[in-house]
Amino acid sequence: MQGDILAMKSFGSDNHSGIHPAILGAIAAVNTAHAVAYGDDPATQRAVGLLKEMFGEMADVYFVFNGTGANVLALKTLTRSYEAAVCAATAHIWTDECGAPERQVGCKLLPVAAPDGKLTPELVLPRLQGFGFPHHSQPRVISISQPTELGTLYTVDEIRALADLAHKYGMYLHVDGARFGNAVAALDVSPREMIVDTGVDALSFGGTKNGLMLGEAVLFLDPMLSGNAMYERKQAMQLASKMRFVSAQFEAYLTDGLWLKLATHSNALARRLAEGVSQIEGVELTQPTQVNGVFALLPREAIERLLRDYSVYVWDETRDEVRWMTSFDTTAAEVDEFLAAIHQALG
Ligand SMILES: Cc1ncc(COP(=O)(O)O)c(C=O)c1O
């Protein structure tokens, strides 16, 4: 099945889905004339304007191609090579970016075990040592994922506590929001409340996993922090020359709340899936389903059977844990079919 065009809908990841028609339409709509390159075009200005409306005029916005690039740009702008970022051991920057932060940024990552994917001040504090000691990397950033890679969420107060801790130590708080829409939709708070009012310094704002063809934005909430970002983006090869095709996607994504409608939909279908599997004997949910990912343990033979027809991501092979994800275009009927397939696979 690997590499095939999937005959069935995939519950393997939210980036197995295609492009939302409104996003594809927006790409076509800006494909009409010439426009100045590298972001000096009207579509980029409009998309930046929409993000500033959401996060405030102070927000400094940089569009990039992908989530790894967004995280690298945020970390590269906030740290120097002798500094370090504290993150959860489940963080994408630690587990799934092939060492891009270490290689491209040069900083050290300090992973912390967090069973639900969430850092707390108590978990972070032991890593905040060696300040001013030339033999130790200097902690400069706390990086959290919202939602986490385990589909869990930080409350607004939990984010504020981490921002306060970071600032107390002269550090910054970075949020990897590859699925930021799912977090905002689930918590029903505004982006401003979640990010600006809590004191977050930089946000990787994802689009690809929620209906874009490709594209993410990095926001620095204080322009004093982002003086080097335009150079870092270019050096990191994340500066699109035909930027309008990335920005136009964001413009459509942020218009009329499309980003939240899509995320609300995928969250609801993950809940439907979680509720369905909680009724099936032989499946054990391992995390609360707060956004669009469902984590479960089931026997290896059942996983193998499911894999014949579905793309399913085996999250942790050592304990036969899978991650099922819903997308903006998953339907209730597909979830129900999948539930029947899980039933059968266990049969
Ligand atoms: C939490 C998180 N951050 C960042 C990324 C990076 O995205 P990309 O694959 O576009 O580099 C992902 C992708 O899975 C992710 O789940």
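This is a predicted model, so every value here is computed, not measured.

Visitor: Which residues make up the pairing of strand β7 (residues 216-220), and what values go with them?
Guide: Burial analysis of β7 places five of its five residues in the buried class, the great majority of the element. Here β7 shows a buried face lined by Glu-216, Val-218 and Phe-220 and a second buried face lined by Ala-217 and Leu-219. Note that strand β1 (residues 60-64) and β7 share five bridges and pair antiparallel. Bridge pairing links Phe-63 to Ala-217 in β7.

Visitor: Go over helix α7 (residues 156-168) with me, naming the residues and quoting the values.
Guide: Spanning 13 residues, α7 covers 18 Å between terminal C-alpha atoms, matching the ideal 18 Å at 1.5 Å per step. Turning to α7, its buried residues are Ile-159, Leu-162, Ala-163, Leu-165 and Ala-166. Buried residues of α7, viewed axially, fall in a sector of 160 degrees; they line one side. Across α7 from its buried face, at more than 90 degrees, point the exposed residues Asp-157 and Lys-168. Of the surrounding secondary structure, the elements contacted by the buried residues of α7 are α6 (121-124), β4 (138-145), β5 (172-177) and α9 (191-196). Among the residues trailing α7, Gly-170 stands out with phi positive, at a value near 70 degrees.

Visitor: Please set out the site of the ligand residue by residue, giving values where relevant.
Guide: Asn-66, Gly-67, Thr-68, Asn-71, His-92, Ser-145, Glu-149, Asp-176, Ala-178 and Thr-208 make up every residue found near the ligand. Among the elements that line the shell around the ligand, the one with the most residues is helix α3 (residues 67-78), at three residues. Residues of the shell around the ligand, tallied by class, amount to one nonpolar, seven polar and two charged.

Visitor: How would you sum up the nonpolar core? Please name residues and give values.
Guide: Ranked by internal contacts, the top residues of the largest apolar core, which has 104 residues, are Ile-142 and Leu-219. With eight residues, helix α12 (residues 258-278) is the largest single contributor of residues to this core. Counting residues domain by domain, this core receives three or more from each of domain 1 (21-256) and domain 2 (258-346). Residues contacting Ile-142, with those up to four places away along its chain left out, are Val-86, Leu-119, Val-124, Leu-162, Ala-166, Met-171 and Leu-173.

Visitor: Provide a residue-level description of helix α14 (residues 332-346), including the pertinent values.
Guide: For α14, which comprises 15 residues, the first-to-last C-alpha distance of 21 Å matches the rise-based estimate of 21 Å (1.5 Å per residue) to within 8%. All of the buried residues in α14 are Val-335, Phe-338, Ile-342 and Ala-345. Considered in projection along α14, the buried side chains sweep an arc of 80 degrees and stay on one side of the axis. Counted as exposed and oriented over 90 degrees from the buried face of α14: Ala-332, Ala-333, Ala-340 and Gln-344. Turning to α14, the residues buried within the fold contact α12 and α13 (300-309).

Visitor: Quick one: what's the story with the sheet that holds strand β11 (residues 321-325), residue by residue and with numbers?
Guide: By definition, the strands of a sheet pair up through backbone hydrogen bonds, in either a parallel or an antiparallel sense. Strand order in this open sheet of four strands is β8-β9-β11-β10, and the pairing throughout is antiparallel. Looking at the sheet topology across the chains shown, the edges are occupied by β8 (284-285) and β10 (313-316). Helix-sheet contacts for α12 involve β8, β9 (293-297) and β11, and the interaxial angle to β9 is about 20 degrees.

Visitor: An account of the sheet that holds β7 is requested, with residue identities and associated values reported.
Guide: Sheet architecture is open: seven strands sit in the order β1-β7-β6-β5-β4-β2-β3, paired in mixed fashion. Each edge of the open sheet carries a strand with a single partner, namely β1 and β3 (108-112). Each adjacent strand pair in this sheet contributes to an overall mean axis angle of 20 degrees, direction not counted.

Visitor: With reference to specific residues and values, describe the environment of Glu-216.
Guide: As for its placement among the helices and strands, Glu-216 is situated in strand β7. By C-beta crowding, Glu-216 is classed as buried, having 29 other C-beta atoms within 10 Å. For the pair Glu-216 and Asn-71, spaced 145 residues apart in sequence, the C-alpha to C-alpha distance is 9.9 Å. Excluding residues that lie within four positions of it along the chain, Glu-216 makes contacts with Val-64, Asn-66, Gly-67, Ala-70, Ser-204, Phe-205, Gly-206, Gly-207 and Thr-208.

Conventions adopted
Residues numbered from 1 in each chain as written. Predicted model: local features only at pLDDT ≥ 70, side-chain atom pairs only at ≥ 80, totals over all residues. Buried ≥ 20, exposed ≤ 12 C-beta atoms within 10 Å, placed from the backbone. Helix = DSSP H or I, 4+ residues; strand = E, 2+ residues; numbered from the N terminus. Pairing = 2+ DSSP bridges. Expected span 1.5 Å × (residues − 1). Arc of directions from axis to C-beta. Contact = placed C-beta atoms within 7 Å. Near = placed C-beta within 6 Å. Nonpolar A, V, L, I, M, F, W, Y, C, P; charged D, E, K, R; others polar. Core = buried A, V, L, I, M, F, W, Y, C linked by C-beta atoms within 7 Å. Domains from an automatic or database assignment. Axes fitted to C-alpha atoms, helices over the stretch in contact; angles between N-to-C directions.

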